[in-house]
Amino acid sequence: GFVMTNRMLGMFKRKDDAPEPTLIYAVPAALLLGAYLVGQTMGLALNGPVLLSSALFCVFAIGGLSSQKTANFGNKMGLLGVSGGLLVTTMTAGTSLALKQQMGIVMAAGAALGAAVASKAGVTDLPQLVA
C-alpha cells in the first residue's frame, strides 16, 4: 500500500517541484526500531513507548495525507508507525525465538512480494489490485 501510494503521489509531481529528502525519513526509523531491538536484548521494557510512538506516527500519517503538500511525509510516517507496531507485536508474541525469526522472514517476503506487485501495477489498476 505504501509503495502504491508513493507512486500515485508521483503522478502529481511537477518538474519545478523541489526534490524531497526521502532518505532522511530513514533516520527516525532506524533510531526507533534499532533502539527497541537493542533495548530488548538488554532487558529494557520499551514496548509501551515504542507502541505509543508508532501510534503517534500513524496519527501524523493521517494528518499528513490530508494535503497534497504533506502527503509524502504522511506516507513515510505511516510506514514508520506500522513498522514499529509490527515489530513490537512480533517481539511480544509468546513464541520461541525460532518462530519469531520465521515470522520475520515471512513478513519480509510478503513485503518484498507486495512491493514488487505494486511497483509493476499501473496506477489506474489500483481497484483491481486491491480486489
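This report concerns the structure included in the present document.

Cut-offs used in this document
Residues numbered from 1 in each chain as written. Predicted model: local features only at pLDDT ≥ 70, side-chain atom pairs only at ≥ 80, totals over all residues. Heavy atoms only, no water. Patch = residues over 30% accessible without salt bridge, like charges linked within 9 Å, V, L, I, M, F, W, Y side chains within 5 Å. Areas by Shrake-Rupley, 256 points an atom, 1.4 Å probe, with all protein chains shown as cover. Salt bridge = Lys/Arg side-chain N within 4 Å of Asp/Glu carboxyl O. Helix = DSSP H or I, 4+ residues; strand = E, 2+ residues; numbered from the N terminus. Buried < 20%, exposed > 50% of the residue type's maximum accessible area, 1.4 Å probe, protein only. Polar contact = N/O pair within 3.5 Å; in protein donor to acceptor, adjacent residues only side chain to side chain. Contact = heavy atoms within 4.5 Å. Core = buried A, V, L, I, M, F, W, Y, C linked by side-chain atoms within 4.5 Å.

1. Observations concerning a nonpolar patch on the surface
A cluster of nonpolar side chains, namely Leu 52, Leu 56, Val 59, Phe 60 and Phe 73, defines an oily patch on the protein surface of about 470 Å² accessible area. If one sorts the elements of the nonpolar patch by residue count, helix H3 (residues 47-64) sits on top with four residues. As for its placement among the helices and strands, Leu 52 is situated in helix H3. Accessibility expressed as a relative area gives 55% for Leu 52, which makes it exposed.

2. Comments concerning the side chain of Thr 90
As for its placement among the helices and strands, Thr 90 is situated in helix H4 (residues 71-92). At 2.8 Å, the side chain of Thr 90 forms a polar contact with the backbone oxygen of Leu 86. If sequence neighbours within four positions are ignored, Thr 90 has contacts with Lys 100, Met 103 and Met 107.

3. Comments concerning the nonpolar core
Grouped together as the largest cluster of nonpolar side chains are 11 residues: Tyr 25, Ala 29, Leu 32, Tyr 36, Val 50, Phe 57, Ala 61, Met 77, Leu 80, Leu 87 and Val 88. Broken down by secondary-structure element, the contributors of at least two residues to this core are helix H2 (26-42), H3 and H4. Looking at this core element by element, the count peaks at four residues for H4. Once you skip the residues sitting within four places of it in the chain, Leu 32 turns out to touch Val 50, Ser 53, Ser 54, Phe 57 and Leu 80.

4. Examining the environment of Lys 76
Mapped onto the fold, Lys 76 is located in helix H4. Ignoring any residue separated from it by four or fewer positions in sequence, one finds Lys 76 in contact with Asn 6, Thr 22 and Tyr 25.

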